[in-house]
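# Structural description and commentary
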Amino acid sequence: MALLETKGLSMTFGGLRAVAGFDYILEEGELAGLIGPNGAGKTTVFNMISGLLAPTSGHIYYAGEEITRLPAHEVTKRGMARTFQNIRLFSQLTALENVMIAFHRHVKYGYARAFLHLNIGREEEEIRESAYRLLEEVGLAERAHQIAHNLPYGEQRRLEIARALATRPKLLLLDEPAAGMNIQETARLKTFIQEIHDRYNLTILVIEHDMSLVMGVCRRITVLDYGMKIAEGTPDEIRSNPRVIEAYLGEETADVAN
Amino acid sequence: MGLLSVPQHRLEKMERQLIWGAFVVLLYLLIIGLKALGIIDQYTTNNLVLAGIYVILGVSLNLINGFTGQFSIGHAGFMSIGAYFGAIATVKFGLPFALALLMGGLVAALAGMLIGLPTLRLRGDYLAIATLGFGEIIRVVFLNWEYVGGARGFSVPRLTNFTWVYVIAVLTVVIIRNWVQSAHGRACIAVREDEVAASAMGINTTLYKVIAFSVGAAFAGIAGALYAHYFFLIAPHSFGFLRSVEVLIIVVLGGLGSISGSVIAAILLTGLSMLLANWPYPRLIIYSLTLIGIMIYRPGGLMGMREIALPISFIKKKGEERQLGAS
Ligand SMILES: Nc1ncnc2c1ncn2[C@@H]1O[C@H](COP(=O)(O)OP(=O)(O)OP(=O)(O)O)[C@@H](O)[C@H]1O
Ligand SMILES: [Mg+2]
């Protein structure tokens, strides 16, 4: 069964058609890619799927349920998490606190108990320990008590993924996780994405400009240009697709050809 | 065995709570003692009561502005609702004082919810303007409400005393500290840090803003009811824009996001205005200079986002001794 499906998904900003009639199916367990030139509408697609933007028209289904126009926190509750193209950590808080916050939807105690600190110690410790364990699993344990803002760029990206994982998603959306990373960091990220895909039984959809990453890690790739899907297929099919090469002409032709 | 099987950090937490508890009780006994000896006179007592009321106002506004990141400047409005409805409860309906405090808090919380639901969608400056407007509207409403005396004011019996204010100020600090040190309080802090990211983490940001706003309003209402029952007469002009600004100064001076900062700033500022009571003009200048100085030298406020922490090395040592004794 499709885990995620969009039908005729469209978004218009003023006169600009950022996304136009985007039909897409993502099967459970896939590790798929979404690429396209700058301004193609990739992030806008993520924003609509994750509930941060209400589409102008079209439908979104997640695990068989229509989620079009649900607010972001409701979408997250249903088991979807994401990262952001320009990192959005809680930058003044520690790495550990960032992850603890993302456990929000699993917190069992209510408001009254929070005000009175009535028997919340045990659960708070569990949250803290789970958050710490997650940081260990992504290799950030020694950063736990550092302010997120002060971490090196690559680690901030990794922390953002850890934070998304803390919501315990089935579907993870990664928006340009390799942006700003050097070659070594990107290579490490590639194995990391593969690892979390297998370890947490995740379905992953990743937007990425770095072709070495997309081509290396995704088994199926969809290409957007001017808000429309222009191609879909395996990395090999995409590499040799003339429409894709044309869309990237003058921009990243070399990258695609590699 | 009992105590020894408790993990070290739990033990430290218990000891910290004990020390704070002892401090709170001793401070109370000291003030009561000095009062009985006549060293603290009526004038100083009035100011102690006022300081306690400002502690409640400052800490509760900090929940909204400091911890949840919503810039509200209408706290005097909520305070006046609590003052008037608390006073109506005792004067018009003859209800017991404790119930009047509760009523003041509840009506203010309700008002907070009503104002919060539409306005908390607004951001930054717009929210500030909306809350400012709310404060003014409330003032005009009471000004024209003859049932509570209109512009002439509303006389209220003195039912508040130092003990009431002290106990409620301590409760306010404890309850709001508990909240911000819980998963729900972390959700408020997440809203402050990055609202979009917070909602992507599954946090209902509107809900947490409304909770912070209503709880903040509730405590401001209780502070208003305490105020009304101490100073004999309340009038709409007692709760004008300047009062809101005073509370805001306390929060900024103490540090947005620091409860102990708000407590210290509330006491400092009340003390300062008491010392300068006879020189109203220098008082305003000193206020302003203090604020400018803070902005320049400590832009995060006296405490930044930190809290006063007890030195725990002392406690650790005691813990070690215990373990030695056990072996
Ligand atoms: N909130 C918005 N308001 C107005 N226009 C927007 C908004 N968000 C995106 N756009 C516009 O929509 C188009 C698609 O933007 P989008 O960010 O989805 O592209 P993208 O494929 O993610 O590009 P990039 O690779 O540069 O991240 C762009 O022309 C962009 O300027
Ligand atoms: Mg983008």
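Residues numbered from 1 in each chain as written. Chains lettered and ligands numbered in written order. Predicted model: local features only at pLDDT ≥ 70, side-chain atom pairs only at ≥ 80, totals over all residues. Heavy atoms only, no water.

### As for the domain arrangement of chain A
Residue and element names in this part refer to chain A. Considered domain by domain, chain A is made up of domain 1 (2-79 + 169-257) and domain 2 (90-152). Just the C-alpha atoms count here: the centres of domain 1 and domain 2 sit 29 Å apart. At the interface, six residues of domain 1 touch four residues of domain 2. Both faces combined, the contact of domain 1 with domain 2 buries some 410 Å², and carbon together with sulfur accounts for 49% of it. A per-residue breakdown of the area domain 1 buries against domain 2 is headed by Lys77, Phe192 and Tyr200, which together make up 62% of the total. Taken together, domain 1 and domain 2 are joined by one salt bridge. (Domains from an automatic or database assignment. Contact = heavy atoms within 4.5 Å. Buried area = accessible area lost by both parts, 1.4 Å probe. Salt bridge = Lys/Arg side-chain N within 4 Å of Asp/Glu carboxyl O.)

### Description of the site of ligand 1
Residue and element names in this part refer to chain A. In the vicinity of ligand 1 lie 13 residues, with Lys42, Thr43, Thr44, Gln85 and His209 positioned nearest. Ala40 is positioned such that a nitrogen or oxygen atom in its backbone is 3.2 Å from an oxygen atom of ligand 1. Within the backbone of Gly41, an N or O atom sits 2.9 Å from an oxygen atom of ligand 1. In isolation ligand 1 exposes 640 Å². Once the protein is present, 62% of that is buried. (Near = heavy atom within 4 Å. Polar contact = N/O pair within 3.5 Å; in protein donor to acceptor, adjacent residues only side chain to side chain. Areas by Shrake-Rupley, 256 points an atom, 1.4 Å probe, with all protein chains shown as cover.)

### Brief notes about the layout of surface pockets
Residue and element names in this part refer to chain B. In this structure, the second largest pocket encloses a volume near 450 Å³. Listed by contribution, the elements that provide at least two residues to the lining of the second largest pocket are α2 (42-67), α10 (241-254), α11 (259-275) and α12 (280-297). Classifying every residue of the lining of the second largest pocket by side-chain character gives 14 nonpolar, four polar and three charged. (1 Å grid on protein atoms, 1.4 Å probe; cavity = no way out; pocket = protein on both sides within 12 Å on 5 of 7 lines; lining within 4 Å. Points joined across faces, edges and corners; volume = space filled by probe spheres on them. Helix = DSSP H or I, 4+ residues; strand = E, 2+ residues; numbered from the N terminus. Nonpolar A, V, L, I, M, F, W, Y, C, P; charged D, E, K, R; others polar.)

### Structural notes on a nonpolar patch on the surface
Residues and elements named next belong to chain B. Together, Phe93, Leu95, Leu99, Leu102, Leu106, Trp145 and Tyr147 give the surface a local cluster of nonpolar side chains, amounting to about 680 Å² of exposed area. Among the structural elements, Leu106 can be located in helix α4 (residues 97-119). Looking at Leu106, the relative accessible area reads 56%, which means it is exposed. (Patch = residues over 30% accessible without salt bridge, like charges linked within 9 Å, V, L, I, M, F, W, Y side chains within 5 Å. Buried < 20%, exposed > 50% of the residue type's maximum accessible area, 1.4 Å probe, protein only.)

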